[in-house]
Amino acid sequence: MPSSIKKQIETLREQLRYHAYQYYVLDDPDIPDAEYDRLYKQLVALEEEHPDLVTSDSPTQRVGSSPLTAFEQIQHQMPMLSLDNVFNEEDLQAFDQRIHDRLNIDRVDGDSEIGYTAEPKLDGLAISIRYEDGELIYAATRGDGTTGENVTQNIRTLQSVPLRLLGDDYPQVLEVRGEVFMPKAGFDALNKKAKQAGEKEFVNPRNAAAGSLRQLDPAITATRPLSLYCYSTGIVEGGAEGNGLADTHYEILQQLKGFGLPVCSEIKKVSGVKSCLAYYEDILKRRDELPYDIDGIVYKVNDIALQNRLGFVARAPRWAIAHKFPAQEEVSRVVEVDFQVGRTGAITPVARLEPVFVGGVTVSNATLHNMDEIRRKDIRVGDQVIVRRAGDVIPEVVRVVPGSRKKQLPEIQMLSACPVCGSAVEQIEGEAVARCTGGLYCKAQRAEAIKHFASRKAMDIDGLGDKLVELLVEQELIHDVADLYQLTAEALASLERMGEKSAANLVAALAASKRPKLSRFIYALGIREVGETTAMNLANEFRTLKAIQTSEYESLLEVQDIGPIVAQHIVNFFQQPHNIEVIDKLLAAGIEVQEVEKRDPSELENSDFAGKTVVITGTLPTFSRGEAKDRLLAAGAKVTGSISVKTDFLLAGDKAGSKLNKAEKLGVTVIDEATMLEMLG
Ligand code: IVH
């Protein structure tokens, strides 16, 4: 019965559109992926049996056409504008003042009260998509603003772009404008694949998005993780009253969302310059956590009537402005390459650069990671390079500016001797990192070992900062961590910039650190690859320092999360006479390591957390996250950093963000601190 088949096909399509909307636009899927796939396959099967019933807006018809030989040109009926930029508060104030002036509005007590929307400025490519009677007709790039390229077949492959709008109250003609971008995770995955296949990697998500959208073969675009966020409209015709759209920009975006179009969830209504700036600061702080790259904030006058009164200049609207973030990449020149020795003896090449303002600070040093990276990027002293500083990440040299090397320059060579202690440098086969063999004798490693020992998560010695440790080592007042406990207030007070009070405080802090928990003490020793969790596992398993010190390789392998490499590091560490000497010296200086009480194994078995995987997020009311972690580990839980289907509990405090959303989505049980305490008994 063809009519009932037709109905069945239509129902399936509607279901699939609805679920795609829940997933891509609302970020709130209400069926598992497998169920979606099942419905999809059902539709494919029916359409194969009835090819005459296939329509171009069917969810199965995303990759329809065959490769093109070139893109056609499309004239934008309404030009696609660009935005003017500001880089600071003063220029933003001036923008706001111009709006007041043009609209003849006075500032109240010097304050602006113009209503704006504030939106992340996505770093991708502008696109215009035209819907007629709810059906996607074509999509065009911005081009020069007047003429763009017809990329319809590629845009159709984006899962978040509806081929047919939802509902029935959309305008007859609706052009939506937005940004096509590649989320960071998709970009990383794409580059990882390219690297594995020995192909060229993309420089950044923007380039990857551009390259993916400009593929002549839509089947290739379909494999690329592209997304879209809509941020405005172009031509709109034939809706209910007027054009059927609301009279504020913010509400229009909500309407677009209602039609099934994806809109960025960070967009907010703000009022006046002060709240624009607060929004800017908030997003700038969270920039690295956002799943996509942004390069600033766009403020738009919210009231469409006011927008119309303000109009345009040249190619930019008077009612909108982009407030750019400090660039995360800039060009500089490598003046020299030095080698730094880390706590574990790792030798890192560091580029000394001509100072450059990037990521909001002046950078004159950038890591080159290791020799393999230098070779891969072919960086040489004298080269012009791109320097990147994103968030709190250490600045790095991304690549040489292509074509900038005007004369031959010698390759950079690894040193054969440690620049600090002169010991031989070794490079273990298959390891990228070269290391100094000077161990605790190397001053650089000594200082780093002592800093680590004193750090908050280790012995937590208040007032013993990095600079002070360096000074103490430099002046040979201490040679190892045990010497710390021989320091007197007099000796300390004689140091430059050290008052009597701080000296006395430090001596008191050292005394107060003398009863560390076993796990902290083990962590403080700085054994390679033994972090807090491994130290905790070791402490719970062996319970005494002596037992850990004399543990054998095989028994170490039995401990949770310890594999052959870490086990070998632990064995090696305790085999070094020098390390045992230092530990003995620490004990002789009065360090009393708190052993872990013997626990009844049945107690653990009864624990609600035994063998469970827990993730902690947000700010807890009374515990620090570290303390909560200690308690959970002691109760037999495994504490990990990211939510997955394997997570049993999410311990969530205040300001829990994306982890909480993800947990809820995956159906992971969410508990608060009070519940944790209850469960811990
Ligand atoms: S509005 C008339 N909003 O920035 C308004 N643009 O520098 C024109 N962009 O070509 C654009 N995020 O590609 C607007 N939330 C946003 C945006 C945004 C990114 C891009 C867009 C535009 C360019 C202008």
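Visitor: Please explain the site of the ligand as it appears in this structure.
Guide: Contacts to the ligand come from 14 residues, most closely from Glu119, Leu122, Glu179, Tyr231 and Lys300. The separation between a nitrogen atom of the ligand and a polar side-chain atom of Glu119 is 2.8 Å. One nitrogen or oxygen atom from the side chain of Glu179 is found 2.5 Å from an oxygen atom belonging to the ligand. Contact with the protein chains hides 88% of the accessible area of the ligand, taken as 520 Å² for the molecule alone. Here the shell around the ligand takes 4 residues from strand 3 (residues 115-122), the largest share from any one element.

Visitor: Got a minute to help me understand the packing of aromatic side chains in this structure?
Guide: Each aromatic ring pair is summarised here by two numbers: the centre-to-centre distance and the angle between the ring planes. A full pass over the atoms with the stated rule returns 11 aromatic pairs. Centre to centre, the rings of Tyr23 and Tyr24 are 4.7 Å apart; their planes meet at 70°, and the pair counts as edge-to-face. A relative accessible area of 33% means that Tyr24 is categorised as partly exposed. Ring centres of Phe95 and Tyr116 lie 6.2 Å apart, and the angle between their planes is 35°; this geometry places the pair in the tilted category. Residue Phe95 is found in helix 3 (residues 89-103), and its partner Tyr116 is found in strand 3; the two are separated by 21 residues along the sequence. For the residue pair Phe95 and Tyr116, the accessibility class agrees, reading buried in each case. An aromatic cluster is built from Phe181, Tyr229 and Tyr292, whose rings are joined through pairwise contacts.

Visitor: I keep staring at the nonpolar core and nothing clicks. Help me out?
Guide: For soluble globular proteins, nonpolar side chains are generally found buried alongside one another. Ile129, Leu174 and Leu256 are the most contacted members of the largest nonpolar core, which has 68 residues in total. Ile450, Leu468, Val530 and Leu545 belong to the second-largest nonpolar core, a separate cluster that totals 54 residues.

Visitor: For this particular structure, what's the right way to read the pairing of strand 21 (residues 613-617)?
Guide: Within a regular strand, the side chains alternate between the two sheet faces. For strand 21, a buried count of 5 out of 5 residues is recorded, marking the element as mostly surrounded by other parts of the structure. A two-sided burial pattern is seen for strand 21, the buried positions comprising Thr613, Val615 and Thr617 on one face and Val614 and Ile616 on the other. Of the strand pairs in this sheet, strand 21 and strand 22 (residues 638-640) are connected by 3 bridges, and their pairing is parallel. Bridging across to strand 22, Thr613 finds its partner in Lys638. For the crossover from strand 21 across helix 23 (residues 625-634) to strand 22, the handedness is right-handed. Sheet analysis places strand 21 next to strand 23 (residues 649-652), joined by 4 bridges and oriented parallel. Bridged to Val614 within strand 23 is Phe649.

Visitor: Could you clarify how one ought to interpret the sheet that holds strand 24 (residues 669-671) in this entry?
Guide: In any sheet, the strands associate via hydrogen bonds between backbone groups, in a parallel or an antiparallel arrangement. One open sheet accounts for 4 strands, arranged 22-21-23-24; its pairing is parallel. The sheet is open, and its two borders are formed by strand 22 and strand 24, each paired with just one other strand. Strand-to-strand twist in this sheet, taken as the mean axis angle between neighbours without regard to direction, amounts to 30°. Sitting on the sheet, helix 23 is in contact with strand 21, strand 22 and strand 23, with an inclination near 170° to strand 21.

Visitor: Please clarify how the state of the cysteines should be interpreted in this entry.
Guide: Two cysteines, two sulfur atoms, one covalent bond between them: this is a disulfide. Using the criterion set out here, one finds 0 disulfides in the structure. Here Cys418 stays unpaired: no disulfide links it, and the sulfur of Cys436, its closest cysteine neighbor, is 3.6 Å away. Unpaired in this structure, Cys421 has its nearest cysteine sulfur neighbour in Cys436, at a distance of 3.7 Å. With relative accessibility at 32%, the residue Cys421 sits in the partly exposed group.

Visitor: In this structure, what is going on with the layout of surface pockets? I would like to understand it.
Guide: What the largest pocket holds in volume is close to 1800 Å³. Around the largest pocket, the lining is made up of 41 residues, and of these Asp27, Tyr229, Pro291, Ser658 and Lys665 lie nearest the centre. Within the residue set of the lining of the largest pocket, elements represented by two or more residues are helix 1 (2-25), helix 5 (184-196), helix 7 (218-222), strand 8 (227-237) and helix 24 (658-666). Counting residues per element, the lining of the largest pocket draws most heavily on helix 24, at 5 residues. Broken down by class, the residue content of the lining of the largest pocket amounts to 22 nonpolar, 9 polar and 10 charged.

Visitor: Can you help me understand unusual backbone geometry in this one?
Guide: With glycine set apart, most residues show a phi of negative sign, and most peptide bonds adopt trans. A positive phi angle, close to 60°, is found at Asn104, a residue other than glycine. Mapped onto the fold, Asn104 is located in the loop between helix 3 and strand 3.

Visitor: How should the pattern of salt bridges be read in this particular structure?
Guide: Pairing between side chains of opposite charge can happen when the charged atoms of each approach one another. Enumeration according to the criterion identifies 32 salt bridges in this entry. Salt-bridge contacts for Lys300 lead to Glu119; the nearest nitrogen and oxygen are separated by 2.9 Å. With Lys300 in strand 10 (residues 294-301) and Glu119 in strand 3, the pair connects residues that are 181 residues apart, well separated along the chain. Judged on exposure class, the residue Lys300 and its partner Glu119 are both buried. Note that Lys457 is salt-bridged to Glu532, the shortest N-O span being 3.7 Å. In this pair, Lys457 sits in the loop between helix 12 (443-454) and helix 13 (466-474) while Glu532 sits in helix 17 (residues 532-542), placing the two residues 75 residues apart along the sequence. Salt bridges sharing common partners tie together Arg375, Asp378, Arg380, Asp383, Arg405 and Glu411.

Visitor: Explain the sheet that holds strand 7 (residues 173-181) to me, please; I cannot follow it from the model alone.
Guide: Taken together, the 4 strands give an open sheet; going across it, the order is 5-4-7-8, and neighbouring strands pair in antiparallel fashion. Because the sheet does not close on itself, it has two edges, and the strands there are strand 5 (135-141) and strand 8. With strand direction ignored, the average angle separating the axes of adjacent strands in the sheet is 25°. As paired elements, strand 7 and strand 8 share 8 bridges and run antiparallel to each other. When the sheet's bridge partners are listed, Gly178 is paired in strand 8 with Cys230. Sitting on the sheet, helix 6 (residues 205-213) touches strand 4 (125-132), strand 5 and strand 7, and the angle it makes with strand 4 is about 40°.

Visitor: Explain the pairing of strand 3 to me, please; I cannot follow it from the model alone.
Guide: Burial runs high along strand 3: 6 of the 8 residues are buried. As judged from the 4 bridges shared by strand 3 and strand 9 (residues 268-271), these two strands associate in the antiparallel manner. In the strand pairing of strand 9, Gly115 is matched with Ser271. Both strand 3 and strand 10 contribute to a ladder of 7 bridges, which runs antiparallel. Within strand 10, the residue paired with Glu119 across the bridge is Val298.

What counts, and at which threshold
Residues numbered from 1 in each chain as written. Predicted model: local features only at pLDDT ≥ 70, side-chain atom pairs only at ≥ 80, totals over all residues. Heavy atoms only, no water. Near = heavy atom within 4 Å. Polar contact = N/O pair within 3.5 Å; in protein donor to acceptor, adjacent residues only side chain to side chain. Areas by Shrake-Rupley, 256 points an atom, 1.4 Å probe, with all protein chains shown as cover. Helix = DSSP H or I, 4+ residues; strand = E, 2+ residues; numbered from the N terminus. Phe/Tyr/Trp six-rings, centres within 6.5 Å; stacked < 30°, edge-to-face > 60°. Buried < 20%, exposed > 50% of the residue type's maximum accessible area, 1.4 Å probe, protein only. Core = buried A, V, L, I, M, F, W, Y, C linked by side-chain atoms within 4.5 Å. Pairing = 2+ DSSP bridges. Right-handed = clockwise from strand over helix to strand, strands pointing away. Axes fitted to C-alpha atoms, helices over the stretch in contact; angles between N-to-C directions. Contact = heavy atoms within 4.5 Å. Disulfide = S-S within 2.5 Å. 1 Å grid on protein atoms, 1.4 Å probe; cavity = no way out; pocket = protein on both sides within 12 Å on 5 of 7 lines; lining within 4 Å. Points joined across faces, edges and corners; volume = space filled by probe spheres on them. Nonpolar A, V, L, I, M, F, W, Y, C, P; charged D, E, K, R; others polar. Salt bridge = Lys/Arg side-chain N within 4 Å of Asp/Glu carboxyl O.

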